[in-house]
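# An overview of the molecular structure
The residues making up each chain are set out below.
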Amino acid sequence: MLSKQTIKRMLAAALVLAPPAALAALIFHYSTNVPLWDQWEPDITGMFEKYSAGHLTFADLLAQHNETRPFFPRLLFFVLGELTHWNVRYEMAATWIAACLVALMVWRLGAPTHQGRPIVRLAVLFLSSLLIFSPAYYEAWLRGDCLPDFIPLACITGGLLVARLQVSRATRLLACAALATVSTYSFANGVLAWIVLFPALLHWDGQEGLRRKGWVAGWWAAGFAVNEAVYFYGYHKPIQHHPMLELWLGCLEQPLRTVQFFLSFLGAPLAGGTGYPQTAATLIGLVLVALFFGACVLILRSRADRDLVGQTLPWLVIGGYTVLSAGLVTSTRPGQFGLAEAINPRYGMFAMPLAVSVIHLAPLLTLEWLGRNPASRPRQWLVRIGLGLPAAGLCVLHALAFPAGTWAMRSTWEYRVLGKSCLAFINVIPEQRNIAELLCPNYDTVKRTASSLRKLGLLIPPPFTEYPTNLFRDQLPPGDQLLGRLEFSRRIGDTDILLTGWAVSPSRKREADGVLLTWEKEGGEPRLFGLVGDRMQRGDLEILLGKEPYYYAGWVKMCSLTNLPKASLVLRAWGYDVERQKAFPLDGAETVDNK
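Model, not experiment: these values are computed from the prediction.

Time to look at the sheet that holds strand β6 (residues 554-560). An order of β1-β2-β6-β5 is seen for the 4 strands of this open sheet, with the pairing classed as antiparallel. Strands with a single pairing partner mark the edges of an open sheet, and in this sheet they are β1 (484-492) and β5 (534-536). Ignoring strand direction, the axes of neighbouring strands in this sheet form an average angle of 25°. The pairing of β1 with strand β2 (residues 496-503) spans 8 bridges and is classified as antiparallel. When the sheet's bridge partners are listed, L486 is paired in β2 with G501.

For the rest of this paragraph, the subject is the nonpolar core. Of all hydrophobic cores here, the largest spans 141 residues; its most connected members are I132, F150, L423 and L516. Sequence-distant contacts of I132, defined by excluding residues within four places in its chain, comprise A99, V102, A103, V106, Y137, W141, F150, M352 and V356.

Counted by the stated rule, this structure contains 18 aromatic pairs. A centroid spacing of 5.0 Å and a plane angle of 90° characterise the contact between F71 and F72, whose relative ring orientation is edge-to-face. On the basis of relative accessible area, F71 is assigned to the buried category, the value being 12%. Every member of this aromatic cluster is reached through a ring pair, and the members are F48, Y51, F78 and W86. The lysine or arginine in question, R527, covers the ring of Y467, its NZ or CZ lying 4.0 Å from the ring centre.

What follows covers a nonpolar patch on the surface. On the surface, I97, L101, L104 and W107 cluster together into a nonpolar patch covering about 370 Å² of accessible area. Examined against the element boundaries, L101 turns out to sit in helix α5 (residues 89-110).

Under the criterion given, the structure shown has 6 cavities of 30 Å³ or more. Roughly 120 Å³ of internal volume is contained in the largest cavity. K420, L423, L459, I460 and P461 are, among the 14 residues lining the largest cavity, the residues nearest its centre.

Examined bridge by bridge, strand β7 (residues 568-577) and strand β8 (residues 582-585) share 4 bridges and lie antiparallel to one another. Looking at β8, one finds that D577 is bridged to K582.

Position of E41 among the secondary structure elements: in the loop between α1 (4-30) and α2 (42-53). Exposure remark for E41: the relative accessible area of 27% places this residue in the partly exposed category. The spacing of E41 and C440 is 399 residues in sequence and 9.2 Å in space, taken between C-alpha atoms. Once residues within four sequence positions are removed from consideration, E41 is found in contact with G46 and H65.

The next thing to look at is the pattern of salt bridges. Close approach of charged atoms lets side chains of opposite charge pair. Here the structure, examined in full by the defined rule, presents 13 salt bridges. As a salt-bridge pair, E139 and R416 come within 3.0 Å of each other at their nearest N and O atoms. On the criterion of sequence distance, the pair formed by E139 in helix α7 (residues 138-141) and R416 in helix α17 (residues 377-424) is long-range, its members being 277 residues apart. A residue is classified by how much of its surface remains accessible, and E139, at 15% relative accessible area, is buried. Given a relative accessible area of 9%, R416 falls into the buried group. In this structure, D149 and R346 form a salt bridge, with 3.1 Å as the shortest nitrogen-oxygen distance. Of the two residues, D149 sits in helix α8 (residues 147-163) while R346 sits in the loop between α15 (306-337) and α16 (348-372), which places them 197 residues apart along the sequence.

Moving on, we come to helix α13 (residues 255-267). Over its 13 residues, α13 runs 18 Å from end to end, which matches the ideal 18 Å to within 8%, given 1.5 Å per residue. Listed as buried for α13 are T258, F261, F262, L263, S264, F265, L266 and G267.

Parameters and conventions
- Residues numbered from 1 in each chain as written.
- Predicted model: local features only at pLDDT ≥ 70, side-chain atom pairs only at ≥ 80, totals over all residues.
- Heavy atoms only, no water.
- Pairing = 2+ DSSP bridges.
- Helix = DSSP H or I, 4+ residues; strand = E, 2+ residues; numbered from the N terminus.
- Axes fitted to C-alpha atoms, helices over the stretch in contact; angles between N-to-C directions.
- Core = buried A, V, L, I, M, F, W, Y, C linked by side-chain atoms within 4.5 Å.
- Buried < 20%, exposed > 50% of the residue type's maximum accessible area, 1.4 Å probe, protein only.
- Contact = heavy atoms within 4.5 Å.
- Phe/Tyr/Trp six-rings, centres within 6.5 Å; stacked < 30°, edge-to-face > 60°.
- Lys NZ or Arg CZ within 6 Å of the ring centre and 35° of its normal.
- Patch = residues over 30% accessible without salt bridge, like charges linked within 9 Å, V, L, I, M, F, W, Y side chains within 5 Å.
- Areas by Shrake-Rupley, 256 points an atom, 1.4 Å probe, with all protein chains shown as cover.
- Salt bridge = Lys/Arg side-chain N within 4 Å of Asp/Glu carboxyl O.
- 1 Å grid on protein atoms, 1.4 Å probe; cavity = no way out; pocket = protein on both sides within 12 Å on 5 of 7 lines; lining within 4 Å.
- Points joined across faces, edges and corners; volume = space filled by probe spheres on them.
- Expected span 1.5 Å × (residues − 1).

By themselves, these figures tell us nothing about what the structure is for.
Laid out in C-alpha cells, this is it:
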C-alpha cells in the first residue's frame, strides 16, 4: 500500500505534468505535415537539394535568414528531414521537447530558491508549467520552423545551471560560452545570452570575481566579439525590412504606441481569452513589468546579502532576457506591422519567461521579508492572501486562454489541411490565391520547390505531376451516410458562378480535408476545374447530423466559367482525403448553360 507521502508526490507530479501532456495531445491531434511560409525559402529547402547534388557547404548552414543566422536549427532540421522524409511534425515535436527541457531547468533552478517550502515550490512549478505549455502560442506549436524561438531560453536556463556548478572556473566559462554561441546562432535575440549570463557567471565565481578574476570578463568579452564578428561578416539588411533608423525614429515620434507595444508584447501570453486581447495584454504587461522592476529595486537594496542575490539571480536573468527581447522587438516591429503584431501568437514564448520570473520572485521576496520582519498571525495571513490572489488571477487568465488557444489550434489545423489539399494539385490547377494565403505568399517559389522536394521524396504524399485521370474513377465508397452537399449556386454576371456547400470526412469525425469541383457533359467523365480555398462555420450541421457541429465544414467558391467548354455543363463537388489522395462524391449538382 502506498504511503501518504508517496501519494502526495504522485499527485504533485501529475499536477505539474498535466500541462505538457495536454499540449502534447493537442500538437499530435492538430499538427499537419506541410511546410509553411519561411520553410519554402531556398535557404531552408535548398539544404536538401544541395545535399542531394553533393554541394551542401558549411556556408549554406551559416547563411543569413532575415536578420538571423540559424546554424544550429538548420542542422537539426536537416538531420530530421533526412531521417523522416521531411515530416515537419517531427520539428513540432522537437519544439515541445525543447519546452520540456526549459521546464526541467526551471524546476532545477527553483530547487534551492524554495527549499523547505514544498507548497510554494509546487505552486510556482505548476504555474510555470501552465505558462510554458500554454496553447495560447498555437502558431509557434503548429509550425516546425518555430523551434529556434525556444533555443535561446533553453541555452540561458542551461547556462544558469552550469554557472553554479561546483566545477573549475574554466569549465564553467567554456560551457556557458558554448551555450551562448548556440543561442546566438539560433535566433536573432540569442545574442542576449552573452549579456544576461555574464553577471551570473561572475556572481557564482566567488567574491573575488570582479577584483581578482578579471580574465573571466576578458575571455567572455573575446568570445562575444568573435561571435559577433562572424555573425555580421557579410550581413545585409533583409530586403523586406524598413531602414533601422527610420524604425527607431518612428518609435520616438509615437512614444505612446511604442510603450503600448512593449507592454502588450509582454502581457500577450495571458490575454488570449479575455475578449479584448490588446487592452488586456497592455494591462497585464504593465503589472508584470512593475512587479519585476519592483523586485529588482528590492534586491538592489539587499545586494550585500549574497545568499538572497544568489537565489534571485536566475529569475532576474530570465526576466531581464525577456525585457531585453521585448525591447528589440519594439524597436523594429511597430513601424512595420503595427500594434497588433505585439499579440502575435507566435511571439508568446518570447514573452512568457517574464511571468515565470515574477512567479518565482514574488513568493521568494515576500517570505524573505516575513522572515526578517516578524509579523502577527493576521498580518501573515494577509501577506499569504496577497500572494494567493495574483496566483488565482493567473489561473483564471490561463483558464480563459486555454480554450481560446485550443480553438485556435483547431481552426489553424483546418486551414493547414486545406492548404495541403491545394498543394497536391499545384501542377494541375494554378490556384495561386489559395497557395499564397494558406502556405506561402510566393506562389512561384512554392511550385518550384514542391517539384524539387517531390523528386527527393520529401513531400508526403507527393503532389500530382499531371492530371489525375483516375481520381474520380477510383473514388472512396460514399457509404450510407451523407458526407456533404453542393447546396447553392448563383450566377454572377456572364462569366462567374458562386458555389456553396459543406463536406465532412468519410469517418464523419471531422471536416473534409478539401473540396474539389468538377464539370462534365452529359454522359461524360468529371473534369477537375477548381479547388475550394475558403471555409465557413456551419454550426447548423449539429441539427442535420445529430452530432457536435462541424464548425468549418462549410465551403464557398467563386468560379470563373471562362475557361470551361461552351456547352451545357453539370457542376459537382467532391470531398478530398489528402493523405490517401482519394475523392468521394458530395450530394447535389448544378446544371449550367455556359453557351
